[in-house]
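One-letter residues, chain by chain:
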Amino acid sequence: MTTPAVAEQAPRLPWYRQLAPRCAAGAARLLVRLPPARLHRVLGVVSKGSHPAGYAEVARARRSVVSVSTRCAGLGCLQRSVATVLLCRARGRWADWCTGFRTEPFGAHAWVEADGRPVDEPGELSAFRTVLAVRRPDERTRPFDRDPHPTDSSPRPSEGSRS
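Residues numbered from 1 in each chain as written. Predicted model: local features only at pLDDT ≥ 70, side-chain atom pairs only at ≥ 80, totals over all residues. Heavy atoms only, no water.

**Focus on the overall build of the protein chain**
(1) Moving on: Assigned secondary structure in the protein chain consists of five helices and six strands.
(2) Moving on: For the protein chain, the sequential pattern of α-helices and β-strands runs α-α-β-α-α-α-β-β-β-β-β.
(3) Moving on: Considering only intrachain contacts with a sequence separation of at least 6, the fraction spanning at least 24 residues in the protein chain is 69%.
(4) Moving on: Carbon and sulfur atoms provide 55% of the accessible area of the protein chain, an area that totals close to 10200 Å². (Helix = DSSP H or I, 4+ residues; strand = E, 2+ residues; numbered from the N terminus. Contact = heavy atoms within 4.5 Å. Areas by Shrake-Rupley, 256 points an atom, 1.4 Å probe, with all protein chains shown as cover.)

**Overview of the packing of aromatic side chains**
(1) Moving on: Under the definition given, this model contains two aromatic pairs.
(2) Moving on: Its end group placed over the ring of Tyr-55, Arg-117 keeps NZ or CZ at 3.9 Å from the ring centre. (Phe/Tyr/Trp six-rings, centres within 6.5 Å; stacked < 30°, edge-to-face > 60°. Lys NZ or Arg CZ within 6 Å of the ring centre and 35° of its normal.)

**Looking at the packing of helix 2 (residues 36-47) against helix 5 (residues 77-90)**
(1) Moving on: At a closest axis distance of 10 Å, the pairing of helix 2 and helix 5 adopts a crossing angle of 20 degrees. The orientation of helix 2 relative to helix 5 falls into the category roughly parallel. For the element pair helix 2 and helix 5, the recorded crossing hand is left-handed. Only Leu-78, Val-82, Val-85, Leu-86 and Arg-89 of helix 5 make contact with helix 2, whose side of the interface consists of Leu-39, Leu-43, Val-46 and Ser-47. (Axes fitted to C-alpha atoms, helices over the stretch in contact; angles between N-to-C directions. Parallel < 35°, antiparallel > 145°, perpendicular 65-115°, else oblique. Left-handed = near helix turned anticlockwise from the far one by under 90°.)

**Some details on the pattern of salt bridges**
(1) Moving on: Per the counting criterion, the structure on display carries five salt bridges.
(2) Moving on: The salt bridge involving Asp-96 is made with Arg-135; its shortest N-O contact spans 3.5 Å. On the criterion of sequence distance, the pair formed by Asp-96 in strand 3 (residues 96-103) and Arg-135 in the segment after strand 6 (129-134) is long-range, its members being 39 residues apart.
(3) Moving on: Residue Asp-96 is classed as buried on the basis of its relative accessible area of 17%.
(4) Moving on: What emerges from the salt-bridge pattern is a single network uniting Asp-96, Glu-113 and Arg-135. (Salt bridge = Lys/Arg side-chain N within 4 Å of Asp/Glu carboxyl O. Buried < 20%, exposed > 50% of the residue type's maximum accessible area, 1.4 Å probe, protein only.)

**Notes on the nonpolar core**
(1) Moving on: Leu-43, Val-58, Val-82 and Trp-97 are the most contacted members of the largest nonpolar core, which totals 28 residues.
(2) Moving on: Elements with a contribution of two residues or more to this core: helix 1 (19-31), helix 2, helix 3 (55-68), helix 5 and strand 4 (106-114).
(3) Moving on: Per-element tally for this core: the top contributor is helix 5, with eight residues.
(4) Moving on: With residues near it in sequence (within four places) discarded, Val-58 still touches Ala-53, Thr-84, Cys-88, Ala-95, Val-112, Ala-114 and Val-119. (Core = buried A, V, L, I, M, F, W, Y, C linked by side-chain atoms within 4.5 Å.)

Here you go:
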């Protein structure tokens, strides 16, 4: 992933607010060792049943993760992004998790989005092409919400009258 020149700075959290971000960063540390396809599947399962997270909520989660983890504050954009979505998920919310690359100069990066825009990312991400993303499913496209039977008035073969 891309390497920032300077580690991000975030205000230190009081000790009683560090547990959840530390757990999220620790779990993310383990998850980022998975192959990309498996990580994508795991995050997809974790995101189920969540509500959308707002920009301010995701930014707060990201700052919390950065404040408790040196890796998340510096070189670990993948771990930072996974820890951020896990912390949001622990609160019943989900931010869109994205990974991508650019070709000139080549670089890879992982980030989180809320309300359709990257959250607190230094630099411009428009040059990055998204390769993997776990987005919260839209309420209108969930398969179990669709009516399996059309609303037309024509009789179905099994409902037809026997003449």
